[in-house]
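# Fold and contact review
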Amino acid sequence: MDRLANTVRPYAWGSTTAIPELLGTAPTGEPQAELWMGAHPGAPSRIDRGAGPVSLAEVIDAAPETELGPDTVRAFGPRLPFLLKVLAAGAPLSLQVHPDLAQAKEGFADEERRGVPIGAGHRNYKDANHKPELICALTPFDGLCGFRHPAQTADLLEALDVDDLKPYVDILRASPEEDALREVLTAVLSAEHHEIARTVERAALAAEQLATKGGEHAAAYAAYAGLAHHFPGDPGVLAAMLLHHVRLQPGEALFLGAGIPHAYLSGLGVELMANSDNVLRCGLTPKHVDVPELLRVVRFEAGDPGVLRPEAVDGEETYETPIDEFRLSRFVLAPGAAPRPLHSRTPQVLLCTAGTVRLHSAAGNAAAELTLAPGESAFVPADERLTLSGEGTLFRATVVA
């Protein structure tokens, strides 16, 4: 096992305090958005096996079957198939969707064939992989996830009493679900900028007023009004009004599959995703929005956002998801509890988020021990046997293979 040295990404939406508080370090005054743990080429973790720090990606490239295990290599190729993060949202992230695997392969191949530079601002597909993801709250965490049923959204918009929204209300009431959602989102994202900006301003003002009156949708109205303060005139504010507003409590999670529109608004969480950078944006961003490609990828299906709570088996609390590239679980270690064995045929990244956790390994001929404090993490190669002890919370990212 190896202690990881990780990179903090300073995206503009990041909190200035949440990650420093977790790590026990002084804030720099700059946003600290994401702490990356893994072998993603954008910011791979570093380990030191006695010859100085080296990229975890390079270590895996040199001996993929040793580090990842034959099952993982056979299923996903010679690379770590997931990326673990601590995500700290101090401001809303862009409203976005991710492609499924077939769409990612097709889109990537098309842009490669057309010679679109990989770093171009208008490029949609950075790789040929899909990007399902899971976010688990460490603090109360606000987000948007999935389409609300059209009739419910019609009620919410109608209550704003904004004339410019009435055509959308009529469509949501009269058309079949998929047609209604597609038609309204297309209209919002394709509207003339001056006109839609005016509608956003009026809708946001009405939402702000309704939020102060309480009621079933008060938190959602407040969230939509907040988006308009961050992104005045952005059509993504109206697109967001089609979505569920979700507030996760610590320990609760959301799974975001392909085609599900979503955005994270505020809070600190553990995020686990497939190793990809493919994002198609709907708004709430100055970055490129490719409306035709976005509409091809979005799944126009309404439903419950599906808040996940972990299922406990033998002290391991697992968040069940329908994909194999990753699995997230956690251990809450009580004072005085007996050491707990931990073994997997696949690679693992272990992250401490509270207390102190000790990892004891008997790999090879020598025993080793690592002590993890909040925000510290370790990489465990496939088939290495550990025991856990201490008093704290440990998240475990691994592969289903």
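So, a few notes on the structure that sits alongside this text. What you see is a predicted model; the values in this text were computed from it and never measured.

### What about the overall build of the protein chain?
Assigned secondary structure in the protein chain consists of twelve helices and 21 strands. For 401 residues, the compact-globule estimate of 2.2 N^0.38 gives 21 Å, and the protein chain sits close to it at 22 Å. The dimensions of the protein chain, computed from C-alpha atoms along their principal axes, are 75 × 50 × 40 Å. The long-range share in the protein chain, meaning contacts at least 24 apart out of those at least 6 apart in sequence, stands at 75%. Surface accessibility of the protein chain: about 17,000 Å² in total, with carbon and sulfur atoms responsible for 51%. Computed over 33 positive and 53 negative side-chain charges, the inter-centroid distance for the protein chain is 3 Å.

### A short note on the environment of Thr28
Position of Thr28 relative to the elements: it lies in the loop between α1 (18–23) and β3 (34–37). The exposed category is assigned to Thr28, whose relative accessible area is 54%. Residues Thr28 and Ala75, spaced 47 residues apart in sequence, show a C-alpha to C-alpha distance of 41 Å. For Thr28, the side chain forms a polar contact with the main-chain nitrogen of Glu30, separated by 3.1 Å.

### Details of the pattern of salt bridges
On inspection of all chains with the given rule, the structure shows 22 salt bridges. Close ionic contact of Arg3 with Glu376 constitutes a salt bridge, the shortest N to O distance being 3.3 Å. Taken as a pair, Arg3 in strand β1 (residues 2–3) and Glu376 in the loop between β19 (368–372) and β20 (377–380) lie far apart in primary sequence, 373 residues in all. Since its relative accessible area comes to 37%, Arg3 is described here as partly exposed. Between Arg345 and Asp71 there is a salt bridge, with its nearest N and O atoms 3.0 Å apart.

### A few points about the pairing of strand β9 (residues 141–147)
Burial analysis of β9 places seven of its seven residues in the buried class, the great majority of the element. Here β9 pairs with strand β10 (residues 243–248) via five bridges, running antiparallel. Bridging from a neighbouring strand, Leu144 pairs with His245 of β10.

### Some remarks on the nonpolar core
Core analysis: the largest hydrophobic core is formed by 55 residues, its most contacted members being Phe147, Leu157, Leu160 and Leu238. Listed in part, the 36 residues of the second largest apolar core include Ile19, Ala39, Phe82 and Leu328.

### Brief notes about helix α7 (residues 166–174)
Residues Tyr168, Val169, Ile171 and Leu172 constitute the buried set of α7. Along the long axis of α7, the arc covered by the buried residues comes to 165°, so they all point the same way. Exposed residues on α7 whose side chains face more than 90 degrees from its buried face are Asp170 and Ala174. Here the buried face of α7 lies against α6 (150–158), α8 (177–190), α9 (193–211) and α11 (236–240).

Calculation criteria
- Residues numbered from 1 in each chain as written.
- Predicted model: local features only at pLDDT ≥ 70, side-chain atom pairs only at ≥ 80, totals over all residues.
- Heavy atoms only, no water.
- Helix = DSSP H or I, 4+ residues; strand = E, 2+ residues; numbered from the N terminus.
- Rg over C-alpha atoms; globule rule 2.2 N^0.38 Å.
- Contact = heavy atoms within 4.5 Å.
- Areas by Shrake-Rupley, 256 points an atom, 1.4 Å probe, with all protein chains shown as cover.
- Lys, Arg positive; Asp, Glu negative; His and termini not counted.
- Charge placed at Lys NZ, Arg CZ, Asp CG, Glu CD.
- Buried < 20%, exposed > 50% of the residue type's maximum accessible area, 1.4 Å probe, protein only.
- Polar contact = N/O pair within 3.5 Å; in protein donor to acceptor, adjacent residues only side chain to side chain.
- Salt bridge = Lys/Arg side-chain N within 4 Å of Asp/Glu carboxyl O.
- Pairing = 2+ DSSP bridges.
- Core = buried A, V, L, I, M, F, W, Y, C linked by side-chain atoms within 4.5 Å.
- Arc of directions from axis to C-beta.

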